[in-house]
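Close look at the chain arrangement
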Amino acid sequence: MSRDRETEGESERKTKMAAATEAKTVHSAAVTYFSMLSLLSLCPPFVILLWYTMVHADGSVAQTWNFLKQRGLQGLIEIWPKPTATAWKIIFIYGAFEAALQLFLPGKRVEGPISPTGNIPVYKGHVAPSSTDSGSSGNLIIDFYWGMELYPRIGKNFDIKVFTNCRFGLMSWAVLAVTYCIKQYEVNGKVSDSMLVNTTLMLVYVTKFFWWEAGYWNTMDIAHDRAGFYICWGCLVWVPSVYTSPGMYLVNHPVNLGTQLAVYILVAGILCIYINYDCDRQRQEFRRTNGKCKVWGKAPSKIEATYTTTSGETKTSLLLTSGWWGLSRHFHYVPEILAAFFWTVPALFNHFLPYFYVVFLTILLVDRAKRDDDRCRSKYGGKMSAYDNVVSGKLKLKGKALDVKAGGIKKKKKHKKQHQDFQSTQNDLSSASGGSKEVSVDPNEEDINDADKSSGEGKASHYDDHLTPAERRYIEQREQLDVHRLAKQANKSHRDRIQDFNQYLANMSEHYDIPKVGPG
């Protein structure tokens, strides 16, 4: 049955199935409710306290604590900034400008991933949902915190999550970074080298994000997290306030690093940002070409995994296991955390508060890695064991990856046979899955690198474009011999194998026999 003919009962059933699947892959109910209520109640005042401590308390948490200890709740009310007409005008004009750019600037059309329930991401809001991805959980707190729409839109073209996450949030990060430079110059008459390093690295990172923006549509923020307080308020307020906090601290605490140290920090930070970009680029190219690409100069290794959608369809994904993604399952988080450290370290170590963002980012990414692994384990089941055999560890590095065959480990005999070994692995996994398969895109894994194959192919992609006809014939003949050998072994019972082995031993000479060295 097509989407436009689905009954209301079927849509509701799919929504509940998708919600139940998500609930299994995140935290327990108690932890979920505690974290939601804590973030809802503590994050807004924390942003105000962070600003007050950086600007008015010399960056000292102890000084702010003593002030609140003496004044209590009245002290928090006193330091809470009052909204002004000028502030409202600035925010409104900035938001309207970013919205206009989003709507009217020309650009290449990039389609987002298919939603978890198999719908095309076109949404109109809760009052007129266009797919089964829209709906209420029945709990007001959860609906407010996590949201009800995966891709909420105003009209046909204005995507709210694109506006909050990218246009307003990320651009605010860049605007505030430059603003802090201007403010330091206004206060001190010059811009310190520490501020220049901090601002340059943050601008390079934001530029990298927009250069790679098409890949962002396949991440957890877009493909899984709905438009609620968690995403929208986080990108509108938390990102501009907390992510730029090292620069906010440096406004009143300029540090003279010296040319040599400043260059070292700048180069190290740019290198980390480039590695983070290259990790995402490898995954994006792997998805775009359905695995028919080069990773570090050679054909990528991969694992073919099947999964079942909420509607009962069997589909297939390709999991990338080479390049940066062969080092660990979430390796791209490592250079991202290091980049945050390098644009914070120009503040040196007089106060802890500038490093809050680095600590927060580490906790956020570790939690995200766990959520992603749990979701993939729930989705792929036993296929994730094969993936774990090749790429283990979350944020840690590991040794060279091993080949996987039928869920186990298979040592490589020769380096030149790596391509044939991985092709055999894919065929084994395909045979083990059984039944007919439909191949399509599934976006739920941000960090397990999958490239779902287009439905027109019908079978696994082969990396034999660079082979000569003779090499192709050799591979085909080798595969046929393997099939005959395995079929011959499969026809023998265990008893037949034991008899053959005993006969083989009986025909062998004993180790203490006198060797025959001559006639007679």
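The name that an unreviewed UniProt entry assigns to the chain is 7-dehydrocholesterol reductase, with the source organism given as Durio zibethinus. Checking UniProt for the chain, the heading Subcellular location (unreviewed entry) contains the comment "Endoplasmic reticulum membrane". As stated in UniProt under Sequence similarities (unreviewed entry), the record for the chain gives "Belongs to the ERG4/ERG24 family."

1. Quick notes on the pairing of strand E4 (residues 314–320)
Judged by how many residues are buried, E4 sits mostly within the fold: 6 of 7 residues are covered. Bridging between strand E3 (residues 302–308) and E4 involves 7 bridges; their strand directions are antiparallel. Its bridge partner being in E4, Ile303 is matched across the sheet by Leu319.

2. Focus: the environment of Val345
Looking at the secondary structure, you find Val345 in the loop between helix H14 (333–342) and helix H15 (356–380). Here Val345 falls in the buried class, since its relative accessible area comes to 10%. As a C-alpha pair, Val345 and Tyr355 span 10 residues in sequence and 8.1 Å in three-dimensional space. In contact with Val345, other than residues within four places in its own chain, are Ile265 and Tyr355.

3. Structural notes on the UniProt feature "transmembrane region" (unreviewed entry) in the chain
Using the residue numbers shown here, the UniProt feature "transmembrane region" (unreviewed entry) corresponds to residues 30–52, 227–245, 257–277 and 337–366. Helix makes up 100% of residues 30–52 and strand 0%, and the two end C-alpha atoms of the span are 33 Å apart. The span residues 337–366 carries 57% helix and 0% strand; its end-to-end C-alpha distance comes to 11 Å.

4. Quick word on the packing of aromatic side chains
Taken as a whole and assessed by the stated rule, the structure comprises 31 aromatic pairs. When the ring of Tyr243 is compared with that of Tyr357, the centres are 4.6 Å apart and the planes differ by 45°; the resulting orientation is tilted. A residue pair is termed long-range when its members are at least 10 positions apart, and Tyr243 in the loop between helix H11 (229–242) and helix H12 (245–252) and Tyr357 in helix H15 qualify at 114 residues. As far as burial versus exposure is concerned, Tyr243 and Tyr357 are alike and both buried. Here the guanidinium or amino end of Lys208 rests over the ring plane of Trp212, the centre of that ring lying 5.5 Å away.

5. So, the pattern of salt bridges
Applying the stated criterion across every chain, the model contains 6 salt bridges. Note that Arg288 is salt-bridged to Glu285, the shortest N-O span being 2.6 Å. Of this pair, Arg288 and Glu285 are both found in helix H13 (residues 259–288), 3 residues apart, which corresponds to roughly one turn of the helix. A relative accessible area of 58% places Arg288 in the exposed class.

6. Thoughts on the packing of helix H8 (residues 193–211) against H13
Here H8 crosses H13 at 10°, and the two axes come no closer than 10 Å. Comparing the axis directions of H8 and H13 gives the class roughly parallel. For the pair H8 and H13, contact is made by Asp193, Val197, Thr200, Leu201, Val204, Tyr205, Lys208 and Trp211 and by Ala262, Ile265, Leu266, Gly269, Ile270, Ile273, Asn276, Tyr277 and Asp280, respectively. When grouped by side-chain class, the residues that make up the contact of H8 with H13 number 11 nonpolar, 3 polar and 3 charged.

7. Some words on the nonpolar core
Counting 61 residues, the largest nonpolar core has Trp173, Trp238, Tyr243, Trp343 and Tyr357 as its most contacted members. Elements supplying a minimum of two residues to this core: helix H2 (29–56), helix H7 (160–188), H8, H11, H12, H13, H14 and H15. Take this core: its biggest share by element is 8 residues, from H7. For Trp173, the residues in contact, after removing those within four places along its chain, are Met202, Tyr205, Val206, Val239, Tyr243, Thr244, Trp343 and Tyr357.

8. Examining the environment of Cys376
The topology assignment puts Cys376 in helix H15. For Cys376, a relative accessible area of 0% corresponds to the buried category. Spatially, the C-alpha atom of Cys376 lies 9.7 Å from that of Tyr307, the residues being 69 residues apart in sequence.

What counts and how
Residues numbered from 1 in each chain as written. Predicted model: local features only at pLDDT ≥ 70, side-chain atom pairs only at ≥ 80, totals over all residues. Heavy atoms only, no water. UniProt positions renumbered as here; feature names shortened; annotations may be inferred. Buried < 20%, exposed > 50% of the residue type's maximum accessible area, 1.4 Å probe, protein only. Helix = DSSP H or I, 4+ residues; strand = E, 2+ residues; numbered from the N terminus. Pairing = 2+ DSSP bridges. Contact = heavy atoms within 4.5 Å. Phe/Tyr/Trp six-rings, centres within 6.5 Å; stacked < 30°, edge-to-face > 60°. Lys NZ or Arg CZ within 6 Å of the ring centre and 35° of its normal. Salt bridge = Lys/Arg side-chain N within 4 Å of Asp/Glu carboxyl O. Axes fitted to C-alpha atoms, helices over the stretch in contact; angles between N-to-C directions. Parallel < 35°, antiparallel > 145°, perpendicular 65-115°, else oblique. Nonpolar A, V, L, I, M, F, W, Y, C, P; charged D, E, K, R; others polar. Core = buried A, V, L, I, M, F, W, Y, C linked by side-chain atoms within 4.5 Å.

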